[in-house]
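Given next are the chains, with one letter for each unit.
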Amino acid sequence: MSNKRPSPPVRADFIAFEEVHSRWMDNDAYGHINNVTYYSFFDTAVNRYLIERNVLDIAKSETIGLVIETQCQYFSSIVYPDMIHVGLKVAHLGNSSVKYEVAIFRNAEDIASAMGHFVHVYVDRKTNKPTPIPKNVRDVLQQLVKVN
């Protein structure tokens, strides 16, 4: 295991962005947005991205993505009323899973305040068994794959 802490990413490292409004209740007793709230920002941004592209209907989609793994590293604090910009890209697109790389950008800053990943496994809503990612969803996710 490397002890070297990664450098924060910049906006150019990401393909798409979703805005999330911070809320007064997101601040903790230490005067910054609590660490667990970042995971909510990740979840909100990924799902909004899919909903806005008409590949996720949270009430009716037969195939849904369940979160099986998340991770976050923090670089600098954000506070209410900061506007949060969540950078998105796909690091791995498998048969039934997708790994998103995500980053939190504060207001118009170019350097991320936090970065992490978020993994969905696609399952049949009725059986909860893994299933291949539907073609329409895969097509949208493919647009988030960053080619270097």
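Residues numbered from 1 in each chain as written. Predicted model: local features only at pLDDT ≥ 70, side-chain atom pairs only at ≥ 80, totals over all residues. Heavy atoms only, no water.

- Going by the annotation in an unreviewed UniProt entry, the name recorded for the protein chain is Thioesterase, with Polynucleobacter asymbioticus given as the source organism.
- Regarding the protein chain, the UniProt comment filed under Sequence similarities (unreviewed entry) reads as follows: "Belongs to the 4-hydroxybenzoyl-CoA thioesterase family." (UniProt positions renumbered as here; feature names shortened; annotations may be inferred.)

**A closer look at empty space enclosed by the protein**
- All chains considered together, the criterion is met by 1 cavity of 30 Å³ or more.
- Estimated volume of the largest cavity: approximately 60 Å³.
- Lining the largest cavity, in full, are N47, L50, V55, L56, T63, I64, G65, H120, Y122 and V137.
- Those elements giving two or more residues to the lining of the largest cavity turn out to be α1 (35-52), β2 (63-74) and β5 (114-124).
- The element that contributes the greatest number of residues to the lining of the largest cavity is β2, accounting for 3 residues.
- Partitioned by chemical class, the residues of the lining of the largest cavity number 6 nonpolar, 4 polar and no charged. (1 Å grid on protein atoms, 1.4 Å probe; cavity = no way out; pocket = protein on both sides within 12 Å on 5 of 7 lines; lining within 4 Å. Points joined across faces, edges and corners; volume = space filled by probe spheres on them. Helix = DSSP H or I, 4+ residues; strand = E, 2+ residues; numbered from the N terminus. Nonpolar A, V, L, I, M, F, W, Y, C, P; charged D, E, K, R; others polar.)

**Points about the sheet that holds β2**
- Spatially, 5 strands are ordered β1-β3-β4-β5-β2 in an open sheet, and the strand pairing comes out antiparallel. Strands at the two margins of the open sheet, each flanked by one partner only, are β1 (16-21) and β2. Neighbouring strand axes in the sheet, compared pairwise and without regard to direction, differ in orientation by 30° on average.
- Strand direction decides the pairing type here: strand β4 (residues 97-106) and β5, joined by 8 bridges, are antiparallel. Of the residues in β5, the one forming a bridge with A103 is M115.
- Against the sheet, helix α2 (residues 135-142) touches β3 (83-93), β4 and β5, its axis set at about 115° to β3. (Pairing = 2+ DSSP bridges. Axes fitted to C-alpha atoms, helices over the stretch in contact; angles between N-to-C directions. Contact = heavy atoms within 4.5 Å.)

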